[in-house]
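Structure assessment
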Amino acid sequence: MIKEGWRNGKIMENNLAYVKFSNSPGGEGRIDIMVKKKRKSLTDMTEEERESLFKLVDECKELLNKRFDSEGYEININFEKHTEGRPENLCVSLIPRFE
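Residues numbered from 1 in each chain as written. Predicted model: local features only at pLDDT ≥ 70, side-chain atom pairs only at ≥ 80, totals over all residues. Heavy atoms only, no water.

1. Here's the deal with the sheet that holds strand E5 (residues 91-97)
For clarity, the threshold we go by: Strands qualify as paired when DSSP identifies two bridges or more between them. Starting at the N terminus, helices and strands are each numbered in turn, a helix being any DSSP run of H or I of at least four residues and a strand any DSSP run of E of at least two. Fitted lines through C-alpha atoms serve as axes, helices being fitted only where they are in contact, and the angles separating the N-to-C directions of these axes extend from 0 to 180 degrees.
Read from one edge to the other, the open sheet built from 5 strands follows the order E1-E2-E3-E5-E4, with strand pairing classed as antiparallel. Edge positions in the open sheet fall to strand E1 (10-13) and strand E4 (72-78), since each of these has one partner strand only. Across the sheet, the axes of successive neighbouring strands diverge by a mean angle of 25 degrees, strand direction being ignored. Both strand E3 (residues 31-35) and E5 contribute to a ladder of 3 bridges, which runs antiparallel.

Structure follows, in structure tokens:
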């Protein structure tokens, strides 16, 4: 479900994961998808959490397709320690690619 005022904070969520626009550098439209419970890696997640997370990846791609004219997408999975000072929580970033 997409929330009103989607540019401010969480833009989409399900029972186990949520989506927000990223504060990290990396281009217009970059979004971060995270499980609600802190997890350091994919192996720390339950099967249900993984399914919820990657279902949101698919939904976010559709959302970004409506907002941006991208050539494709890059998916980054960040886990363990983050170099950007963010908390140690698994984060999947979906990044539109432009020519």
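2. Looking at the nonpolar core
One broad trend across soluble globular proteins is that nonpolar side chains are buried collectively. Put simply, the test is: Buried Ala, Val, Leu, Ile, Met, Phe, Trp, Tyr and Cys residues form a nonpolar core when they are joined through side-chain atoms within 4.5 Å. Accessibility here uses a 1.4 Å probe with only protein chains present; expressed as a share of the type maximum, an area under 20% marks a residue as buried, one over 50% as exposed, and anything in between as partly exposed. Between two residues, a contact is recorded if the distance between any of their heavy atoms is within 4.5 Å.
Judged by nonpolar contacts, the single largest core of 20 residues is most densely connected at Val19, Ile31, Ile33 and Leu53. Elements represented by at least two residues in this core include exactly E1, strand E2 (17-21), E3, helix H1 (47-67) and E5. No other element matches H1, which puts 6 residues into this core. The residues contacting Ile31, other than those within four sequence positions of it, are Ile11, Val19, Lys20, Phe21, Ser22, Cys60, Leu64, Val92, Ser93 and Leu94.

3. Describing the pairing of E1
Along any regular strand the residues' side chains alternate between the sheet's two faces. With 3 bridges joining them, E1 and E2 adopt antiparallel strand pairing. Directly across from Lys10, in E2, lies its bridge partner Lys20. Hairpin connection between E1 and E2: a loop of 3 residues separates the two successive antiparallel strands.

4. As for the packing of aromatic side chains
Inclusion rule: Any pair of Phe, Tyr and Trp rings, taking the six-membered ring for Trp, is counted once the centres come within 6.5 Å. Such a pair is stacked with planes under 30 degrees apart, edge-to-face with planes over 60 apart, and tilted for the rest. By the criterion adopted, a ring carries a charge over it if an Arg CZ or a Lys NZ lies within 6 Å of its centre and within 35 degrees of its normal.
Inspection of every chain in the model, using the stated rule, returns 1 aromatic pair. Just above the ring of Tyr18 sits the side chain of Lys10; from NZ or CZ to the centre is 4.6 Å.

5. Examining H1
As a reminder, the rule being used: Working rule for helices: expected span equals 1.5 Å times residues minus one. Taking the helix axis as origin, the arc is that swept by the directions to the C-beta atoms.
In this model H1 runs 31 Å from its N-terminal to its C-terminal C-alpha over 21 residues, within 8% of the 30 Å that 1.5 Å per residue would give. Among all positions of H1, only Glu49, Ser52, Leu53, Leu56, Val57, Cys60, Leu63 and Leu64 are buried. The arc that holds the buried residues of H1, viewed along the axis, is 150 degrees, so those residues lie on one side. Facing away from the buried side of H1 by more than 90 degrees, the exposed set consists of Glu47, Glu51, Lys55, Asp58 and Lys66. Looking at the buried residues of H1, the elements they touch are E1, E2, E3, E4 and E5.

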